[in-house]
There are 2 protein chains.
Amino acid sequence: GDARAGRRKITACQACHGLDGLSKNPESPNLAGQVESYLVRSLTAYRSGERRNESMNIVAKELSDEDIADMAAYYASIQVDVLPP
Amino acid sequence: GDARAGRRKITACQACHGLDGLSKNPESPNLAGQVESYLVRSLTAYRSGERRNESMNIVAKELSDEDIADMAAYYASIQVDVLPP
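For clarity, every value in this text was computed on a predicted model and none was experimentally measured. (Residues numbered from 1 in each chain as written. Chains lettered and ligands numbered in written order. Predicted model: local features only at pLDDT ≥ 70, side-chain atom pairs only at ≥ 80, totals over all residues. Heavy atoms only, no water.)

(A) How the structure looks around the interface of chain B and chain A. Every contact between the two is made by 28 residues of chain B and, on the other side, 28 residues of chain A. Both faces combined, the contact of chain B with chain A buries some 2300 Å², and carbon together with sulfur accounts for 53% of it. Our count for the contact surface shared by chain B and chain A stands at zero salt bridges. Counting the contacts that link chain B with chain A gives 13 residue pairs in polar contact (both at pLDDT 80 or more). Counting only elements with at least two residues in the side of chain B that touches chain A, the list comes to α3 (36-48) and β1 (80-82) of chain B. Looking at side-chain class alone, the side of chain B that touches chain A contains 13 nonpolar, nine polar and six charged residues. Examined bridge by bridge, strand β1 (residues 80-82) of chain A and β1(B) share three bridges and lie antiparallel to one another. What sits directly across from Val82(A), in β1(B), is Val80(B). (Contact = heavy atoms within 4.5 Å. Buried area = accessible area lost by both parts, 1.4 Å probe. Salt bridge = Lys/Arg side-chain N within 4 Å of Asp/Glu carboxyl O. Polar contact = N/O pair within 3.5 Å; in protein donor to acceptor, adjacent residues only side chain to side chain. Helix = DSSP H or I, 4+ residues; strand = E, 2+ residues; numbered from the N terminus. Nonpolar A, V, L, I, M, F, W, Y, C, P; charged D, E, K, R; others polar. Pairing = 2+ DSSP bridges.)

Structure representation (structure tokens):
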């Protein structure tokens, strides 16, 4: 996926997941630095309805494989530093 | 949830999600700093089978509500710094 193209495609994602990939509400997960292949799998499962969530099923419905790849690449590309627990 | 108790309960989680909450394989998401209520919802849905994943359905099956709350609290408590994209 193309992270630069993805950044232009995440307009529908930002209200809940942020441009920075940090959740804006208690229902939505953080996506910053998330595993790219996991994001592709999640969006694909939301698109098909295999994974159910009212908002995500609607938003994912119209996405192409390329859109999914690009959006996943964008959120995966955000750098995250984890402080050891 | 009690993050200290959760740390003792995540033995089954570590191989894939790490003690540090960073994924150890391309199938598994990072959990470090994830939204606590999202983690509770995910584990609960894996336990009931509403959300399907072979490994997670098996692992979550025996968890109590308290286990889920504690494990979610542990992973949510890991500090994460995000570098602005």
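Structure's up, so let's keep going.
(B) Fine view of the packing of aromatic side chains. Residues and elements named next belong to chain B. Summed over all chains, the structure comprises two aromatic pairs over all chains. Seen in terms of ring centroids, tyrosine 74 and tyrosine 75 are 5.2 Å apart; in terms of plane orientation they differ by 65°. Their pairing is edge-to-face. Side by side, tyrosine 74 and tyrosine 75 carry an identical accessibility label, which is buried. (Phe/Tyr/Trp six-rings, centres within 6.5 Å; stacked < 30°, edge-to-face > 60°. Buried < 20%, exposed > 50% of the residue type's maximum accessible area, 1.4 Å probe, protein only.)

(C) Fine view of the nonpolar core. Core analysis: the largest hydrophobic core is formed by 20 residues, its most contacted members being Ile10(A), Leu39(A), Leu43(A), Leu63(A), Met71(A) and Tyr75(A). Among the secondary structure elements, those contributing two or more residues to this core are α3 (36-48), α4 (54-60) and α5 (65-77) of chain A. A per-element tally of this core places α5(A) first, with five residues. Not counting residues up to four positions away in its chain, the partners in contact with Tyr75(A) are Ile10(A), Cys13(A), Gln14(A), His17(A), Gly18(A), Leu19(A), Gly21(A), Leu31(A), Ala32(A), Gly33(A), Gln34(A) and Leu39(A). Counting residues in hydrophobic clusters, the runner-up holds 16 residues, among them Met56(B), Leu63(B), Met71(B) and Tyr74(B). (Core = buried A, V, L, I, M, F, W, Y, C linked by side-chain atoms within 4.5 Å.)

Nothing here speaks to function; it is all geometry.
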